[in-house]
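# Structural description and commentary
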Amino acid sequence: MKLYWCPKTRALRALWMLEELGEPYERVRIDIRDPAAKANPAFRAVSPMGKVPALEDGATRLWDSGAICAYLADQYPRSGLAPAIGAADRGRYLQWLLYTNSVIEPAMAEKFSKAPVSALAHGWGSYEQMLEVLRAGLAEGPWILGARFSAADVMLGMACHFMQQFKLLDAEPQLTGYADRCRTRPAFQRALAFEES
Ligand SMILES: N[C@@H](CCC(=O)N[C@@H](CS)C(=O)NCC(=O)O)C(=O)O
């Protein structure tokens with residue numbers, strides 16, 4: 001497998017996921033702020049929008065962090081990072097796996113661009129609703145599926161990590177506690193170390 005990535009981007013989600021997975025992979029660094037690097041044809045064949053993370057696994061090409069986490073967890077089931085199809089918590093897993101890109105990110109973009117909120121019409125409701133539902137989902141913990149860590153925690157945990165870094169969770173002890181737990185995972189620490197190398 002080949003991961004196209006760039007430090008200080010959403011690619012950290014895929015890096016953490018691959019480190020949790022423990023399968024061999026190659027990291028290809030693409031500076032997305034450099035137009036020449038972004039135009040790299042091998043990269044663009046995997047990532048048509050020129051975005052990171054992007055993953056190549058044989059003939060499979062993915063260019064979205066959520067899709068990459070979903071794919072890896074299912075493709076490598078021995079990692080135990082996804083409940084199997086038919087398992088009782090499969091539905092809950094899928095719901096939360098998609099929450100970061102379908103609800104957290106658009107709600108944040110709306111809030112910080114000061115775009116008009118239309119909680120009824122927009123699939124992500126509102127920023128406040130997004131936080132309230134996430135809090136409720138994590139009420140039992142320690143992970144979003146309870147005792148079991150999964151790829152859904154990679155997506156949600158990284159979202160909380162970034163929100164905390166941007167000082168958006170100062171009044172959210174439950175969500176900062178979750179981000180802290182995520183950061184203690186050795187795979188998270190390894191992914192972070194690649195960013196700094
Ligand atoms: N939905 C995508 C978004 C990826 C994305 O927007 N990545 C940004 C970096 S955080 C990027 O590559 N931007 C470069 C560009 O659009 O030119 C995902 O979750 O992977």
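Use the structure listed above.
All figures in this text were calculated on a predicted structure; none of them were measured in a lab.

Turning our eyes to something else, we now look at the nonpolar core. Ranked by size, the top nonpolar core spans 65 residues in total, and within it W16, M17, L72, I104, M130 and L134 carry the most contacts. With nine residues, the top contributor of residues to this core is helix α7 (residues 151-165). When near neighbours in sequence (up to four residues on either side) are disregarded, L72 contacts M1, M17, L18, L21 and L55.

This part takes up the pairing of strand β3 (residues 54-57). The alternating pattern of β3 places A54 and E56 and L55 and D57 on opposite faces, both of which are buried. Bridging between strand β1 (residues 2-5) and β3 involves three bridges; their strand directions are antiparallel. Among the inter-strand pairings, L3 is bridged to a residue of β3, identified as L55. Where β3 lies against strand β4 (residues 60-62), three bridges are found, and the strand directions are antiparallel. Considered in β4, the bridge of D57 is made with T60. If you look at the hairpin formed by β3 and β4, you'll find two residues sitting between the two strands, and G58 has a positive phi there, around 60°.

Another point: the packing of helix α4 (residues 65-75) against helix α5 (residues 90-112). Relative to each other, α4 and α5 sit at 150°, their axes nearing to 9 Å. With respect to α5, the axis of α4 lies roughly antiparallel. Contacts between α4 and α5 involve S65, G66, C69, A70, A73 and D74 from the former and R90, Y93, L97 and N101 from the latter. Across the contact of α4 with α5, the residue classes break down as five nonpolar, three polar and two charged.

If a probe as big as a water molecule is rolled over the atoms, it shows which places are left empty. Here the largest pocket is characterised by a volume of approximately 640 Å³. Lining of the largest pocket is provided by 26 residues; of these, T9, R10, R13, V52 and E105 occupy positions nearest its centre. At the level of secondary structure, the elements contributing two or more residues to the lining of the largest pocket comprise α5 and α7. Considering each element in turn, the lining of the largest pocket owes the most residues, six residues, to α5. Counted by class, the lining of the largest pocket contains 14 nonpolar, five polar and seven charged residues. Summarising the domain contributions, the lining of the largest pocket has at least three residues from each of domain 1 (2-80 + 188-196) and domain 2 (90-185).

This part is about the packing of aromatic side chains. The description of two aromatic rings rests on the distance between their centres and on the angle between their planes. What the rule picks out here adds up to seven aromatic pairs. Centre to centre, the rings of W143 and Y178 are 6.3 Å apart; their planes meet at 65°, and the pair counts as edge-to-face. Of this pair, W143 sits in the loop between α6 (127-137) and α7 while Y178 sits in helix α8 (residues 173-183); the two residues are 35 residues apart in sequence, bridging distant segments of the chain. Taking the relative accessible area as the measure of exposure, W143 reaches 10% and is therefore buried. According to the relative accessible area criterion, Y178 is buried, its value standing at 0%.

The topology assignment puts S65 in helix α4. Relative accessible area serves as the criterion here: at 4%, S65 is assigned to the buried category. S65 has contacts with R10, R13, P53, N101 and M155, leaving out every residue within four places of it along the chain.

Rules used throughout
Residues numbered from 1 in each chain as written. Predicted model: local features only at pLDDT ≥ 70, side-chain atom pairs only at ≥ 80, totals over all residues. Heavy atoms only, no water. Core = buried A, V, L, I, M, F, W, Y, C linked by side-chain atoms within 4.5 Å. Buried < 20%, exposed > 50% of the residue type's maximum accessible area, 1.4 Å probe, protein only. Helix = DSSP H or I, 4+ residues; strand = E, 2+ residues; numbered from the N terminus. Contact = heavy atoms within 4.5 Å. Pairing = 2+ DSSP bridges. Axes fitted to C-alpha atoms, helices over the stretch in contact; angles between N-to-C directions. Parallel < 35°, antiparallel > 145°, perpendicular 65-115°, else oblique. Nonpolar A, V, L, I, M, F, W, Y, C, P; charged D, E, K, R; others polar. 1 Å grid on protein atoms, 1.4 Å probe; cavity = no way out; pocket = protein on both sides within 12 Å on 5 of 7 lines; lining within 4 Å. Points joined across faces, edges and corners; volume = space filled by probe spheres on them. Domains from an automatic or database assignment. Phe/Tyr/Trp six-rings, centres within 6.5 Å; stacked < 30°, edge-to-face > 60°.

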